[in-house]
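Spelled out from the first residue to the last, the chains are:
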Amino acid sequence: GITLLATWRLREDAAVDPFCVICRFQLRVRRVSRTRPGQEALWRDLPPFFCIQPDEVTQQYCAFLTEYLHYGEQYVVSVRAGSADRWSEWSVPSGEVSFEAAVLTPR
């Protein structure tokens, strides 16, 4: 199968409430290679997960995306953040990153 390692960091100008630590994230993925002209692909919101702090060296968060990806398809991925004490609230989604899961070719 396919595994995508998604990495991100919070914007430097992100206003973070010191009493409400951002520690919950959600990856969002949509397949764009099978949409008809004028049709927009639907986002698949993956289950939320917790990250208490970023990597000490890179200051990045990361997660593996292994479900919903198929060879030969094109996808768009974004992430959004939330806090542990406000389950129904999410940040504005990050910028979208596009990629293609290229078909494997034998050598």
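Here, the structure is the one placed above.
Residues numbered from 1 in each chain as written. Predicted model: local features only at pLDDT ≥ 70, side-chain atom pairs only at ≥ 80, totals over all residues. Heavy atoms only, no water.

A.B. asks: Help me out: how do you make sense of the overall build of the protein chain in this one?
C.D. replies: A count of helices and strands for the protein chain gives zero helices and seven strands. In the protein chain, which comprises 107 residues, the share counted as buried stands at 30%. Counted over contacts in the protein chain with a minimum sequence separation of 6, partners at least 24 positions apart contribute 67%. For the protein chain, the computed accessible surface area is about 7900 Å², with 53% contributed by carbon and sulfur atoms. On the protein chain, the mean spot of the 12 positive side-chain charges and the mean spot of the 13 negative ones are 8 Å from each other. (Helix = DSSP H or I, 4+ residues; strand = E, 2+ residues; numbered from the N terminus. Buried < 20%, exposed > 50% of the residue type's maximum accessible area, 1.4 Å probe, protein only. Contact = heavy atoms within 4.5 Å. Areas by Shrake-Rupley, 256 points an atom, 1.4 Å probe, with all protein chains shown as cover. Lys, Arg positive; Asp, Glu negative; His and termini not counted. Charge placed at Lys NZ, Arg CZ, Asp CG, Glu CD.)

A.B. asks: Would you mind showing me how to read the environment of L5 here?
C.D. replies: Relative to the assigned elements, L5 resides in strand β1 (residues 4-8). According to the relative accessible area criterion, L5 is partly exposed, its value standing at 46%. Along the backbone, L5 and F64 are 59 residues apart, and their C-alpha atoms lie at a distance of 4.6 Å. Not counting the four nearest positions on each side in its chain, L5 is found in contact with C62, A63 and F64.

A.B. asks: Help me understand the packing of aromatic side chains, please; the structure alone is not making it clear to me.
C.D. replies: The geometry of an aromatic ring pair is captured by the separation of the ring centres together with the interplanar angle, meaning the angle of the planes. If you walk through the whole model with that rule in mind, you get six aromatic pairs. Here the aromatic rings of W8 and Y61 are separated by 6.3 Å at their centres, their planes lie at 20 degrees, and the arrangement is stacked. Taken together, the residues span a long stretch of sequence, with W8 in strand β1 and Y61 in strand β5 (residues 61-65) at a distance of 53 residues. Owing to a relative accessible area of 10%, W8 belongs among the buried residues under this scheme. On the numbers, 6.4 Å between centres and 35 degrees between planes, the contact of F25 with F49 is tilted. Within this pair, whereas F25 is found in strand β2 (residues 22-31), its partner F49 is found in strand β4 (residues 49-50), the two being separated by 24 residues in sequence. Ring pairs connect the aromatic residues W8, F25, F49 and Y61, which therefore count as one cluster. (Phe/Tyr/Trp six-rings, centres within 6.5 Å; stacked < 30°, edge-to-face > 60°.)

A.B. asks: Just checking my understanding: could you explain the side chain of R30 for this structure?
C.D. replies: The topology assignment puts R30 in strand β2. A distance of 3.4 Å separates a polar atom in the side chain of R30 from the backbone oxygen of A41. Here the side chain of R30 touches E96 through a polar contact of 3.4 Å, side chain to side chain. Discounting chain neighbours no more than four positions away, the residues touching R30 are E40, A41, L42, W43, Q74, Y75, V76 and E96. (Polar contact = N/O pair within 3.5 Å; in protein donor to acceptor, adjacent residues only side chain to side chain.)

A.B. asks: Is there a simple way to explain the pairing of β5 in this structure?
C.D. replies: Along a regular strand, successive side chains alternate from one face of the sheet to the other. Burial of the side chains of β5 is restricted to one face: Y61, A63 and L65 are buried, whereas none of C62 and F64 on the reverse face is. Judged from the five bridges that link them, β1 and β5 form a sheet pairing that is antiparallel. Note on β5: the bridge partner recorded for L4 is L65. (Pairing = 2+ DSSP bridges.)

A.B. asks: Would you explain the side chain of R28 in this entry?
C.D. replies: Among the structural elements, R28 can be located in strand β2. In this structure the side chain of R28 is engaged in a polar contact, spanning 3.1 Å, whose partner is the side chain of D45. Apart from the residues lying within four places of it in its own chain, the contact partners of R28 are W43, R44, D45, V76, V77, S78, R80 and P93.

A.B. asks: Looking at this structure, I do not really get unusual backbone geometry. What am I missing?
C.D. replies: Phi is mostly negative for residues that are not glycine, and the peptide bonds are mostly trans. For Q59, which is not glycine, the phi torsion reads 60 degrees and is therefore positive. Here Q59 is to be found in the loop between β4 and β5.

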